[in-house]
Amino acid sequence: MMISKTTFVAIVSMLMKHIYDKKELLECSGDLPEECKECIMEETEFQQDLITMLTVVTFDHFGVIRDYLYERDENGEYFFGIPKGNKLEVYLLTSPEDLYEYLTEESEGFRLIAMKAHS
C-alpha cells in the first residue's frame, strides 16, 4: 500500500465525521426542499480531492472508498459484492481499518502490474 494505515484511517475517519455531521444537520433541519438537501450533501472540492487521492494511492478501481463513506447503514457498516469471474465475492466493512485491509488485499495485483509498466 502506498499510504500508511494510520494516515488512511485518520483521513477516512475525518471524512466520515464530516459526512455524518452533514446528515445530522439535514435531520435537524426539518422539511427542506430536495435541492437544498442535495446542496448540503454535495461534496466540497476538498472532500473530492481527498477521496480521489485515496482512490488513486490505494488502487481502488471499484470506488469502494466513496461508497463506504456515503452508503454505510445506520450501524456504520457497508456490505457489497464484487464479481470475480462466475462468482460474487461479498464483503462487510465495519470500520476504516477494515476498509484499509480490504484495499491492501485487492491492490496487491494492481501494484505489481503498475510496477512492471514503469520498468
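So, a few notes on the structure that sits alongside this text. (Residues numbered from 1 in each chain as written. Predicted model: local features only at pLDDT ≥ 70, side-chain atom pairs only at ≥ 80, totals over all residues. Heavy atoms only, no water.)

A word on the pairing of strand β1 (residues 78-84)
The cut-off we apply is this: Strands were regarded as paired on the criterion that DSSP finds at least two bridges between them. Numbered from the N terminus, helices here are DSSP runs of H or I no shorter than four residues, and strands are runs of E no shorter than two.
As paired strands, β1 and strand β2 (residues 87-93) are joined by seven bridges and run antiparallel to one another. The residue of β2 that forms the bridge with G81 is V90. Turn length for the β1-β2 hairpin, with the two strands adjacent in sequence and antiparallel, is two residues, and the turn residue G85 shows positive phi of about 70°.

So, the side chain of K22
What counts, and what does not: Think of it in three bands: residues with accessible area under 20% of the maximum for their type are buried, residues over 50% are exposed, and the middle band is partly exposed, with areas taken using a 1.4 Å probe on protein chains only. Here the positive residues are Lys and Arg and the negative ones are Asp and Glu; neither His nor the chain ends is included. By definition here, a salt bridge exists when the distance from a side-chain nitrogen of Lys or Arg to a carboxyl oxygen of Asp or Glu is within 4 Å. By definition, residues are in contact when any of their heavy atoms lie within 4.5 Å.
Relative to the assigned elements, K22 resides in helix α1 (residues 5-28). Buried charge without a partner: K22 forms no salt bridge, and the closest opposite charge is E42, 7.9 Å away. Residues in contact with K22, not counting those within four places in the same chain, are I40, M41, E42, E43, T44 and Q47.

Considering the packing of aromatic side chains
Our working definition: Pairing of aromatic side chains requires ring centres within 6.5 Å, counting the rings of Phe and Tyr and the six-membered ring of Trp. Pairs whose planes differ by under 30 degrees are stacked, by over 60 edge-to-face, and all others tilted. Two limits define a charge over a ring: the Lys NZ or Arg CZ must be within 6 Å of the ring centre, and within 35 degrees of the ring normal.
Per the counting criterion, the structure on display carries five aromatic pairs. Here the aromatic rings of Y78 and F80 are separated by 5.1 Å at their centres, their planes lie at 15°, and the arrangement is stacked. When sorted by exposure, Y78 lands in the same class as F80, which is buried. Taken together, the ring pairs connect Y78, F80, Y91 and Y102 into an aromatic cluster. Over the aromatic face of Y68 sits the side chain of R72, whose NZ or CZ is 5.3 Å from the ring centroid.

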